[in-house]
Every structure is written in structure tokens, then in C-alpha cells.
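Descriptive analysis of the structure
One-letter residues, chain by chain:
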Amino acid sequence: VDARGVAVGGRVIEFETVGDSSTLRMCWYLPPLAHEYGKKSLTYLTAMLGDEGPGSLVEQLRTERGWIDALSAGASHTASTFCEVEISLALTAEGMAHLDEVVALVFAAIALVRERPAEKWRWDEDAQIAQLEWRFAEAIDGLSLAVALSASLLEIDQIPLCDALRAPFAYREFDGAQIAHLSSQLVPETLLLYVGGQGLAKDAADGGVVDVVGYATDSGWVHEEFYGARLRVRPLSDAQLALWTNTALVLGASTLSLPLPNQYLPADLRLLFSPPAKHTPSDGVAPTLLLDSPTGRLWHYPDSQFGQPRAAIRCTVTAAGVLEDARALWSTQLLISMATDALKARAYPAAVAGLSASVSVGIEGIDLSVSGYSDKLMRLLDLAVASIAPGADFPASRFEPVKTAVVRDLHADKFAGSMTTALTQLKVLVRSRPGFYERLAAVPIVEALTLEDMRAAAVNLKSGGSYTECLVAGNVREADARQALAAVRATLGDTPLADGALEQLRQRVHSLPVGDHLWEQEALNPDEVNSAVALYFEVGSTAGSLRDEACLELLVMLMQQAAFDQLRTAEQLGYTIGAQAYRAWSAQAILLYARSDSASAGYLDERFEAFLQAHAAVLRATSESTLETMRAALVAIFATRDRSLADRSTRMWSEIEMHNCVFDRARTLQQLAHELTLADVVALYDRTFLSAQTRRKLAIWITAPGEVERPAPYRVKGTLPRQGFSVIVPDSSGVEAFRASCTLLPAPALCAAFATTAAEQLSARVTADSIR
């Protein structure tokens, strides 16, 4: 009998899953502890069981045996009469075949924790981390704060109002006896085990529909009434109970150990820069360009406004060895996936201490990011960079599981929704480097890769030449920023790219030929019921001026509600219908999109065109008061300030990675928005949507299987006149032919101009220093 008074202990619930994932959940129900939130005894236990560092349960199950992909452990206090402890595991196929051994290792880890008397230094570490999170919590908006408070007030009988927000961070009393008692409750006899996977009920007779399943005996395979899910409830077998109780045998055959002291806990929380004498508007703050060389640029923003001992380092390494062809790209992706897999264990203590690290393949090369408390950030950066260096130490046993996971992720595109497919195909057609988005074509490439290919990718990354764009922002001095870039270059290479190579490797966006162009294909998922359209209307380039950007935003505000009211509400074409500004690098466009389970893709396009024709008169009749209201709303959006250091560094990095460097963009757009007139908006509308001399439209139609059978008036496939379209052949040759007919929009030039000005200022400063 558990804490709820229900006899569930020592039971397993098996169920069939729809997808191909296999899951294992181990649950125990214990007496309520919400009122003792200041002790955090369950947090102490679950933190050790969910640890992912060296010697952990995760390392044993994932790295050493390949039986799981992920594990999480936690406790919830959502009921006043009990609390729940849960350990969830995502199983591999091999893990499913060794299910009893997986559970045995979990119980061995529990026994290891139970046999060691509770140690206050571990509890103190958790308390220190929680105190840091509370002390340096970044600002949140009022709505999020209200939601958090309202949720806490539901537990007012357990948590006093003064701790409504602080309760999750409050550590007030270490209770070793309580920890020992709770760990003694996590035993097989009180376990409720959930096992989910495909094929569990294969060839088993169905016992029919059940409303309530009893726990006392084996229910056999039955199914529930509403969803038809097949399940079985039965007692644990004597053999299972014996195996899971004899933990000494399992411990002796494993290398399980408890976590070591966390080396990433910050010791120095000093703020390096004094707060400004007065508030500095965030819309004009820009980083300093410290270095501009053939091998890269270093940007530095020393923060003094937010009072946080935190920093962020963002780098993109554009390397010839990554982007030269599809095989190089996906060899690097496999390398990065192996590095990420290894970092899960090696950087886990850093994650616990409030730091984060990620390495990924981006549009223009390797994206590397670390953030958190500045005191230990360089140590984490060194670890992240070393994870993809030539000669990096990867467990060979993890290669096949990681490769399988990459292939499975690529195959998932077959089941992508119609709208996702449409937006992905749009990127393939309009961007100059589409290999990153052609994921299904990458499947045979990845399947053929070997461990030696992956190691060669690490060597090519360093030897082929590269260009590193790096931003260091926050509580970091200039010398540390330079050290960060030096660390990246030392590991990933400081050989410059060949002349002209950088421009070839960077992402650009195509300018469409004048006219209407159509890509039509059937949804990849045979079970997809929705058709979708993504209608891309090119506006032009932002390379020369931001005026069109401000005008574009105002135009979208003036048309998006009308489009929704007409097409979604009045015509009821589908649940997802909208209009938005679309920007990438120097390109800007208006994107109209819709998804429908009743209308065909062609009919959706037709109704959008009818709306655009009709809305032209509505737009021209816009009153001055309506225009001023919309203009004021747009100015208010542009006036939004950075709420945190994370917001500010993200904003700066988005300017750098898109090669724009318009760090005062919001302030400039505010000024331009004030100057816009209705004539400006109408002129943009006309040349984008109506004029045959300037209109550039790319329509992506994703048709659901069977859409031709949809009833009138939603039209069947083929009724929308196609003579006005230039139809793109829906295969790789069609893609290449279309892209060959396009020109490239001008590359963003403002970053280069910014860098030139900054270099002149830096040179002047150095000269002045030498004279002094």
C-alpha cells in the first residue's frame, strides 16, 4: 500500500507506444513533504541518482553499456496527501532487451546512496547553487511573475506566502535521518514500474475494453476505451524481486561511484565594472571590436548595467573543411554529435553549477557557446573546444549508438508536418547554402560514415583554414576575451582561409526572378491530413537602408489581423493562417502561410490572392487615426529594452552572425517608424504584391494525400490556373535550375563598415597611447 492508500507496490504496467521510442519509468509514492520544503531531502537523493558525471548511473547505462539515451530523476509535490519520486529512462533497443538489468543497476545506485550516510557537504553544495540562482535571478516579465505566484498560492497551506517564490531555492535544515529514511523507501516492493515500447503485445490475445485495471493480479493485455491503447498490469515476478534486491552482486560488477565535489562552483563573484552613473538605453549599446584579422574578429562587451557575475562567449568557426560538400558537412555533424554526447558527462557538473556549453553545426560552420558565472567560464570553454579537437577522446562504444540517433533524427523529417516541410523547402530554394536543410538526402551519407571518417573530420576542421567570429560579453575583462579567442584558435586552428573563400562559404539569400514561381509536392508523411502553403513575397535587401524594414513591419501590422479575420474566421480555411515579416541575412520578405485539413493547397493560394487584391482598397482607405495607432504600437515594440545580460548578448550576436552589426537597430527603426506615411506603406504593398513589373513570389504547396477528394468549394488539385506560374520541377535538378535562374541579394555591408570605423578608432587609440 502506498502513501495514497492504494495497493500498487511491486507492479509493472506495460503499454504499447505509437512511436518507435522505448521508455521506462520507476515511480514510488511517499508521504507528503511539501511542508518540509526547507530540508530538500528528496532533492538530495534525486540529484545524486540523476547525476551524469564520471562514475554515475547514467555513465554506466549510456556510455558503458549503450542501454539508454537519457535519464532523469526528480520528485513532485503536486498533491497534499503524497509526493512522487520518479526515475525516467529513454531506452535503446539493446536496453529494452536488458530491461531487468537496467532496473537492477538503478537499484544498485540507490543502494550506493543509501549505504553512505548523508553528507552535509553535498547538501551544502546544493544549497550554494540554489542561493546563487535566487541571488542572481535575471529579470522576468510581469506576466511570468504573476503565473509563478498564482501557482505557488495553490499550495498556501503547505508554503507560507513569504516563501511563495523562494521555496524552490530555500535550504534551511539538513536532516540526515530523513534522507536515510526516504532512501529506505525506494525498494522493489513499493515500486510501480511503467514500461512502454512497440511490439510488447505482439501476438498476445486482447482481453477487451477495461474501465479500471486491478493491481492484484495479471490483467492480461487489454485496451482502454477512448484511445484504444493496449496495456497490461501484473505483479513483479519473484525472479525480478530477487535480482533487484541483491544489489551487492550488481554493485560488485559495476564501477558506480558517487559524485565528487563540484569544481565549477564559482568562488569569485566580484563585479569587474562599476554601474553607470545613469541608466544607459539598451538600444544604442554596442560591443567593442578588439581584433579584426584574416583569421577572425573578436567583439567584447564589458557589462556594467545588469550587475551579474555572468558572461557569455559565442563563436562561429567558418571552416573550409566543414562546408566544402555534403559529406564534409555531415561528417562534421557526426563529430559534433559525438562531442555533445561526451559533453553530457564531462560538463554535467558545470551545468549543475549554473553554466552551460553547446557545440553544434550551424549554417556557416561550427557554432560554439558557453555561458554562466564568469569565474569558471574559461575552464568550461577549454572543455567544450577540446571535445571537437583532433585526437579528442571519444568512447568507441558510443559511435554506433550516436550515429543511429543521428540517422533516426534525419528520418524523422519523413513525419514532419506539412507546414514544417513547406518552410524547410523554402529555405532550400532561396538560400545559397542549402545542404544543412536537405536532411533526407543526408541519410545514406551518414549511414556510410565510419569512426575513422569522423576523426578525419576533426583533422580537416583544423587543417583546412578557418575564420572565427567571436563575441565575449558580460563580467569579463578585455584580456580574458582575448584569451577566449586564443583558446578557440589554438585548438581549432588559426590558418586563414584562401583568398575569397570566406565570401563563398557564408550564407546568402537569392533574389527571385520577377514573376510567380511554384514548388508543389506531396507531404512526406502518408498519414498527413493537412495541406499547407508558404507564400514568399520578396521585398528586397536591407543592405542599404532600414527604412524598408520599418515600413515592412508597419505593413504587416496593417494586414495580418485582416487576413486572419477573412481567411480564418470568415472563410474558415484552417486553424493556422497568418502573415509575418521574414528576414534572413540581408533579405527581407513577407510570408503568408496557411495549413488546412479541408482546403487544397491550390485553393489556399487562390484565397490569399483574392485577399491581397481586395485588401489593396482597404489599405488605401486607412484613416490617419488608425495609421497613427498602428505606428505608435510599432514604435512601442521597437522601444522594448533588454531585460537581462542574456537578452543583450543574444541581440548583439544576432547582429554579428547575420553580418549586419546594426547594434542601434531598435532606436533607428523607432525614428524611421515615426516618419512613415500611408503613401510609403501603399507603395511597398503595390510593388510587393500587385505590380507585374516588381512582384517576386515563390509559392510552396505541400499537398496532403487525398486532398483531391475534398468537397467543393475548396477546389480539387489542378483548378487554380497554373499558366501564371513558373513551375519548378520538384527534384534536385529542379532545385538547381531554379537557383541558377536567381541572383544573390547584396551581402550585408554594414558589418564591414562598422569594422572599418572601429579599426580606425582602435588605431588612433593605440597611437595616442604610444605618444603618451
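Residues numbered from 1 in each chain as written. Predicted model: local features only at pLDDT ≥ 70, side-chain atom pairs only at ≥ 80, totals over all residues. Heavy atoms only, no water.

Looking only at helices and strands, one finds 27 helices and 22 strands in the protein. Against the compact-globule benchmark of 28 Å for 772 residues, the protein has a radius of gyration of 29 Å, which places it among compact chains. Each principal axis of the C-alpha atoms in the protein carries an extent, and together these give about 85 × 80 × 60 Å. Taking contacts inside the protein between residues at least 6 apart in sequence as the whole, the part at least 24 apart equals 83%. Averaging the positions of the 67 positive and the 92 negative side-chain charges in the protein gives two centres separated by 4 Å. (Helix = DSSP H or I, 4+ residues; strand = E, 2+ residues; numbered from the N terminus. Rg over C-alpha atoms; globule rule 2.2 N^0.38 Å. Contact = heavy atoms within 4.5 Å. Lys, Arg positive; Asp, Glu negative; His and termini not counted. Charge placed at Lys NZ, Arg CZ, Asp CG, Glu CD.)

Tracing the chain through its elements places Arg607 in helix α21 (residues 601-620). For Arg607 and Leu573, which are 34 residues apart along the polypeptide, the C-alpha to C-alpha distance reads 9.0 Å. Ignoring any residue separated from it by four or fewer positions in sequence, one finds Arg607 in contact with Leu567, Glu571 and Leu573.

This next bit is on the side chain of Glu707. Tracing the sequence through the fold places Glu707 in the loop between β20 (696-703) and β21 (725-727). Given the relative accessible area of 3%, Glu707 is considered buried. For Glu707, the side chain forms a polar contact with the side chain of Ser531, separated by 2.5 Å. (Buried < 20%, exposed > 50% of the residue type's maximum accessible area, 1.4 Å probe, protein only. Polar contact = N/O pair within 3.5 Å; in protein donor to acceptor, adjacent residues only side chain to side chain.)

Further remarks concern the packing of aromatic side chains. Scanning the model with the defined rule gives 12 aromatic pairs in all. Taken together, a centroid distance of 5.4 Å and an interplanar angle of 75 degrees make the contact between Tyr29 and Phe82 edge-to-face. Within this pair, whereas Tyr29 is found in strand β2 (residues 22-30), its partner Phe82 is found in the loop between β3 (68-76) and β4 (83-91), the two being separated by 53 residues in sequence. Given a relative accessible area of 14%, Tyr29 falls into the buried group. A ring pair is formed by Phe107 and Trp244, whose centres lie 6.2 Å apart and whose planes are at 25 degrees; its orientation type is stacked. One end of the pair, Phe107, is in helix α4 (residues 99-115); the other, Trp244, is in helix α8 (residues 238-245), with 137 residues separating them in the sequence. Linked through ring pairs, Trp28, Phe107 and Trp244 together constitute an aromatic cluster. Its end group placed over the ring of Trp67, Arg65 keeps NZ or CZ at 5.6 Å from the ring centre. The residue whose ring lies beneath Arg379 is Tyr264, and the NZ or CZ to ring-centre distance is 5.8 Å. (Phe/Tyr/Trp six-rings, centres within 6.5 Å; stacked < 30°, edge-to-face > 60°. Lys NZ or Arg CZ within 6 Å of the ring centre and 35° of its normal.)

Reading across the sheet, the 8 strands line up as β3-β4-β2-β5-β1-β8-β7-β6 and stay open at both edges, with mixed pairing between neighbours. Only two strands of the sheet have a single partner each, and these edge strands are β3 and β6 (209-210). Pairing of β3 with β4, which is carried by 8 bridges, proceeds in the antiparallel orientation. The residue of β4 that forms the bridge with Gly74 is Glu86. (Pairing = 2+ DSSP bridges.)

Pairing in this open sheet of 6 strands is mixed, and the strands run β18-β19-β17-β20-β16-β21 from one edge to the other. At either end of the open sheet lies a strand with only one pairing partner, and these are β18 (576-584) and β21. Here the strands of the sheet are splayed against their neighbours by 20 degrees on average, with no regard to which way each runs. Direction of pairing for strand β16 (residues 515-522) relative to β20: parallel, over a ladder of 8 bridges. Following the sheet pairing, Glu520 is matched in β20 by Trp701. The sheet strands contacting α21 are β17 (531-541), β18, β19 (587-596), β20 and β21, and the helix crosses β17 at an angle near 45 degrees. (Axes fitted to C-alpha atoms, helices over the stretch in contact; angles between N-to-C directions.)

Let us now look at the side chain of His300. Residue position: His300 is located in strand β10 (residues 296-302). By relative accessible area, His300 is classed as buried at 5%. In terms of polar contacts, His300 uses its side chain to reach the backbone carbonyl oxygen of Val476, at 2.7 Å.

Before going further, it helps to spend a moment on helix α22 (residues 624-638). Since the α-helix advances by 3.6 residues per turn, residues separated by three or four positions end up pointing in the same direction. With 15 residues, α22 should cover 21 Å at 1.5 Å per step; its first-to-last C-alpha distance of 21 Å lies within 8% of that length. Among all positions of α22, only Leu627, Arg631, Leu634, Val635 and Phe638 are buried. Seen end-on, α22 carries its buried residues on one side only, within an arc spanning 100 degrees. Projecting away from the buried face of α22 at angles above 90 degrees are the exposed residues Ser625, Thr629 and Ile637. As for α22, its buried residues are in contact with α20 (547-570), α24 (665-675) and α25 (678-690). (Expected span 1.5 Å × (residues − 1). Arc of directions from axis to C-beta.)

The subject of this paragraph is the pairing of strand β11 (residues 310-319). The buried count for β11 comes to 9 of 10 residues, which makes it a mostly enclosed element. Examined bridge by bridge, β11 and strand β14 (residues 466-474) share 9 bridges and lie antiparallel to one another. Bridging from a neighbouring strand, Cys315 pairs with Cys470 of β14.

With their axes 10 Å apart at the nearest point, α21 and α25 run at an angle of 165 degrees to one another. On the basis of their axis angle, the class for α21 and α25 is roughly antiparallel. Here α21 and α25 pass one another in a crossing that is left-handed. Here α21 contributes Phe611, Leu612, Gln613, His615, Ala616, Leu619 and Arg620 to the contact with α25, which in turn contributes Leu678, Val681, Val682, Tyr685, Asp686, Phe689 and Leu690. (Parallel < 35°, antiparallel > 145°, perpendicular 65-115°, else oblique. Left-handed = near helix turned anticlockwise from the far one by under 90°.)

This next bit is on the environment of Thr569. Looking at the secondary structure, you find Thr569 in helix α20. Along the sequence, Thr569 and Thr245 sit 324 residues apart, while their C-alpha atoms lie 61 Å from each other.

Ile313, Val359, Ile366, Leu381, Ile388 and Val472 are the most contacted members of the largest nonpolar core, which totals 69 residues. Per-element tally for this core: the top contributor is helix α11 (residues 326-346), with 8 residues. Setting aside its immediate chain neighbours within four residues, Leu381 contacts Ile313, Leu368, Val370, Ala484, Ala487 and Val488. (Core = buried A, V, L, I, M, F, W, Y, C linked by side-chain atoms within 4.5 Å.)

Moving on, we come to unusual backbone geometry. A positive phi angle, near 55 degrees, is found at Lys40, a position not held by glycine. Mapped onto the elements, Lys40 comes out in the loop between β2 and α1 (41-49). The phi torsion at His659 lies on the positive side, around 60 degrees, for a residue other than glycine. Along the chain, His659 falls in the loop between α23 (645-657) and α24.

Our next topic: the pattern of salt bridges. Per the stated rule, a full pass over the model turns up 39 salt bridges. A salt bridge links Glu119 to Arg116, with the nearest nitrogen and oxygen atoms 3.3 Å apart. Note on Arg116: relative accessible area 39%, which makes it partly exposed. The shortest N-O distance in the salt bridge between Arg439 and Asp413 comes to 3.2 Å. Taken together, the residues span a long stretch of sequence, with Arg439 in the loop between α15 (418-430) and α16 (443-448) and Asp413 in the loop between α14 (399-411) and α15 at a distance of 26 residues. Where salt bridges share partners, they join Asp516, Asp605, Glu609, Arg695 and Lys697 into one cluster. (Salt bridge = Lys/Arg side-chain N within 4 Å of Asp/Glu carboxyl O.)

Turning our attention to the pairing of β18. With respect to burial, β18 is a largely interior element, 7 of its 9 residues being buried. In sequence, β18 turns back onto β19 through a hairpin of 2 residues, with Trp585 there showing a positive phi of about 55 degrees.

Chain-level pLDDT for the protein is 88 on average; 91% of the residues reach the 70-or-more range. By mean pLDDT, helix α27 (residues 750-771) is the weakest element of the protein at 58, and α25 is the strongest at 96. (pLDDT = per-residue confidence, 0-100.)

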